[in-house]
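Descriptive structure summary
One-letter residues, chain by chain:
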Amino acid sequence: MSTATPIVKGRHGRSRASRRLWSVLGFLVTVVTTFLGLLAITFFIGRVVPIDPALAIVGDRAPAHVVERVREELGLNLPLWQQFFIYLKQALTGDFGTSVLTTHPVMEDIKRVFPATVELATVGTIIGAMFGVPLGVLAAVKRGSLIDQLVRLIGLIGYSVPIFWLGLLSLVFFYAKLQWVAFPGRIDIVYEYTFTPVTGFFLIDAIMQGEWEIFWDVFRHIILPASLLGYVSLAYISRMTRSFMLNELSQEYVIAARAKGLSEARIIWFHALRNAAVPLITVIALSYASLLEGSVLTETIFSWPGLGLYITNSLQNADMNAVLGGTIIIGAVFIGINVLSDILYRLLDPRTSR
Amino acid sequence: MSGTVNSSPSLREWLLSDRPASRRQARLGRAYVIWRRFSENRLALAGLLIILGLIVVAVFAGQLAPHDPTQGDLRYARLLPPGAEGYILGTDDQGRDILSRLIYGSRLTLMVIILVAIIAAPIGLLVGTVAGYAGGWVDAVLMRITDIFLAFPKLVLALALVAALGPGIENAILAIAITSWPPYARIARAETMTFRNSDFIHAVKLMGASPIRIVTLHVMPLCTSSLVVRVTLDMAGIILIAAGLGFLGLGAQPPLPEWGAMIASGRRFILDQWWVAGMPGFAILVVSLGFNLLGDGLRDALDPKEAGQ
């Protein structure tokens, strides 16, 4: 980046602002094209891959005139680029069509179920970071020790385990045998009609309304699926933390701090970890995005009424509008989180703000 | 391999010679060094053993399986617990031996990962090398497309694709392959960029080689080793996604003994007959752990800089 040779130095100062503008513009173009690409792919999946989308909606036993009418309504007789244009316009206004299964507009359904997924993924990420970061730091500090091997093993299993299987087994153990947790869904049926959520995040709603009994019930529902997701993100976070910390601990400032006589704990937790924190934030943001994806299978196991369950239910009923709407939303959130972590990284790392 | 090497020390010297007399000797010598680094890592060896075991079981499924994987004994052998006579891992609700189903299921697992690798790796290699070698707007366009696919969550994209294509193992493989190639393109491009302007490429160009010849014969072979590592590391993820699709009923259809679908069919009995869903999940865990260990070991052996990170 710093190609400031003496010859161009005069221009260099003047063009700094415009260069920054260009990089912001380039960034925006990247985000917009990625989003358009996302819509193009979902359009392709919904309209081009099925041999006849009209038949997919009405079924192959429908009379010919019904099929023809649906084709007209869907605009399938128009050229493909025109169809894509219409699709684009609809998608950008949040119109993903109507769900066959629930008979509501897909966007309305998604708005209803999305908070449940966000709440689950958030609690999962908190659990993952809360345990993953200290474990990674510990593994890096005691490199090669038994603890290091153990953390590595925990991580490897987290990478290798089918989460839906682990979910089923944990249900048998913690719900059926020990009866520590509640199941299914987000809240007990007793409270379901007396409790009026405001934000859609039940834990926060319960606190705001001072309903501690409900809070406890919601907590008992969320803790097992969130722990599972947390375990998956722990595997990733602890591995990356270890790698970042190893990198930091071999730097010269650590030697300087030791020479100054600072305590080892202070060096590790205050000096090294603070420098490792910048890339770690990106890692945690990315693991948050992947938890939104991981929730598809987890929600199915725990009957968690979120976006994942919505998508799988729609899949089972061949409800393509709902499936693609959910896919677009998850994809958009994915892109959004990537962008956000990119911006955060640029803001937090002093080396990138030159 | 190690057996023959240990028996004759002169062979070892020949392999480690600083001045190999032939290209073959140099290649074998390099492979030997990598193998030595690899075999020092016990976990990596365990991973290799698991994968070799999987291949052997898949090849000899017909000889190894004690029972028929699709036809069960509905009268006398429904939902028997593990350890029951003749059924080491128990039976499922149709009276089928779970061990036999797992053994036959290994063929499906192997088929999925091999086909995904065969479809996705060449696509990634082609896109990446062409983008890296051509540069300019070709590079910009190809990498933009790659980034768009990378921005998609894999499982969700695979789900939507299978939903459109219709359930079935072939479509599941296709969907997974379509979601798997972008990282390979990224790696191949990065590798290509590092030697695009090196002397040997210039030399070949001066001799009049066409860009197609340069990319296919001189660029692609150099990208394969890092690609192999990445594909091996991805195998575990591919197995998990395939199992997830199978679990949701979108992958292999019954009565095929696909492991993910077996978990789904055992879900109803999970509280009383845990083994019906428990065993296939354990098989998935072991195999994907094997691929993760093998991939880690390969990466460390091929690229010592990264070791321990």
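Remember, it's a predicted structure, so these values are computed and weren't measured experimentally. (Residues numbered from 1 in each chain as written. Chains lettered and ligands numbered in written order. Predicted model: local features only at pLDDT ≥ 70, side-chain atom pairs only at ≥ 80, totals over all residues. Heavy atoms only, no water.)

1. Considerations on the overall build of chain B
Along chain B, the regular secondary structure elements total 13 helices and 0 strands. Seen in sequence order, chain B has helices and strands lined up from the N terminus as α-α-α-α-α-α-α-α-α-α-α-α-α. For the C-alpha atoms alone, the extent of chain B along its principal axes is close to 75 × 55 × 35 Å. Within chain B, buried positions represent 50% of all 309 residues. Sequence separation of 24 or more characterises 68% of the internal contacts of chain B that already satisfy a separation of 6 or more. Just so you have it, chain B exposes about 14700 Å², and 63% of that area is on carbon and sulfur atoms. Treating the 26 positive side-chain charges of chain B as one cloud and the 21 negative ones as another, the clouds have centres 8 Å apart. (Helix = DSSP H or I, 4+ residues; strand = E, 2+ residues; numbered from the N terminus. Buried < 20%, exposed > 50% of the residue type's maximum accessible area, 1.4 Å probe, protein only. Contact = heavy atoms within 4.5 Å. Areas by Shrake-Rupley, 256 points an atom, 1.4 Å probe, with all protein chains shown as cover. Lys, Arg positive; Asp, Glu negative; His and termini not counted. Charge placed at Lys NZ, Arg CZ, Asp CG, Glu CD.)

2. Considerations on the UniProt feature "transmembrane region" (unreviewed entry) in chain B
Residue and element names in this part refer to chain B. As annotated in UniProt, the feature "transmembrane region" (unreviewed entry) corresponds to residues 43-65, 108-134, 155-180, 200-219, 231-253 and 273-295 in the numbering used here. Taken end to end, residues 155-180 comprises 88% helix and 0% strand; its first and last C-alpha atoms sit 10 Å apart. When the span residues 273-295 is considered, its composition is 96% helix and 0% strand, and the gap between its end C-alpha atoms is 35 Å. (UniProt positions renumbered as here; feature names shortened; annotations may be inferred.)

3. A short note on the packing of aromatic side chains
Overall, the coordinates contain 11 aromatic pairs over all chains when judged by the stated rule. On the numbers, 5.1 Å between centres and 65° between planes, the contact of A:Phe43 with A:Phe84 is edge-to-face. Taken together, the positions of A:Phe43 in helix α1 (residues 9-48) and A:Phe84 in helix α4 (residues 80-92) put the pair 41 residues apart, joining distant regions of the chain. Where B:Phe149 meets B:Trp181, the ring centres are 5.4 Å apart and the plane angle is 55°; that geometry is what we call tilted. Of this pair, B:Phe149 sits in helix α7 (residues 136-151) while B:Trp181 sits in helix α9 (residues 169-195); the two residues are 32 residues apart in sequence, bridging distant segments of the chain. The burial state of B:Phe149 is the same as that of B:Trp181; both residues are buried. Taken together, the ring pairs connect A:Phe43, A:Phe84 and A:Tyr87 into an aromatic cluster. (Phe/Tyr/Trp six-rings, centres within 6.5 Å; stacked < 30°, edge-to-face > 60°.)

4. Structural notes on the UniProt feature "domain: ABC transmembrane type-1" (unreviewed entry) in chain A
What UniProt calls "domain: ABC transmembrane type-1" (unreviewed entry) maps, in this numbering, to residues 114-341 of chain A. Between the C-alpha atoms that bound residues 114-341 of chain A there is a distance of 21 Å. The span itself is 82% helix and 0% strand.

5. Notes on the packing of helix α7 (residues 163-177) of chain A against helix α12 (residues 264-302) of chain A
All names here are of chain A. With their axes 9 Å apart at the nearest point, α7 and α12 run at an angle of 30° to one another. Taken together, α7 and α12 sit at an angle that is classed as roughly parallel. As α7 runs across α12, the sense of the crossing is right-handed. Between α7 and α12, the residues in contact are Ile163, Phe164, Gly167, Leu168, Ser170 and Leu171 and Leu297, Thr298, Ile301 and Phe302, respectively. Within the contact of α7 with α12, the residues separate by chemical class into 7 nonpolar, 3 polar and no charged. (Axes fitted to C-alpha atoms, helices over the stretch in contact; angles between N-to-C directions. Parallel < 35°, antiparallel > 145°, perpendicular 65-115°, else oblique. Left-handed = near helix turned anticlockwise from the far one by under 90°. Nonpolar A, V, L, I, M, F, W, Y, C, P; charged D, E, K, R; others polar.)

6. Considering the interface of chain A and chain B
If you look at the interface, chain A gives 45 residues, while chain B gives 42 residues. Roughly 3900 Å² of surface becomes buried between chain A and chain B when both sides are summed, with 74% attributable to carbon and sulfur atoms. Our count for the contact surface shared by chain A and chain B stands at 2 salt bridges. A salt bridge links B:Asp296 to A:Arg239; the shortest N-O distance between them is 3.1 Å. Here chain A is connected to chain B by 10 residue pairs in polar contact (both at pLDDT 80 or more). (Buried area = accessible area lost by both parts, 1.4 Å probe. Salt bridge = Lys/Arg side-chain N within 4 Å of Asp/Glu carboxyl O. Polar contact = N/O pair within 3.5 Å; in protein donor to acceptor, adjacent residues only side chain to side chain.)

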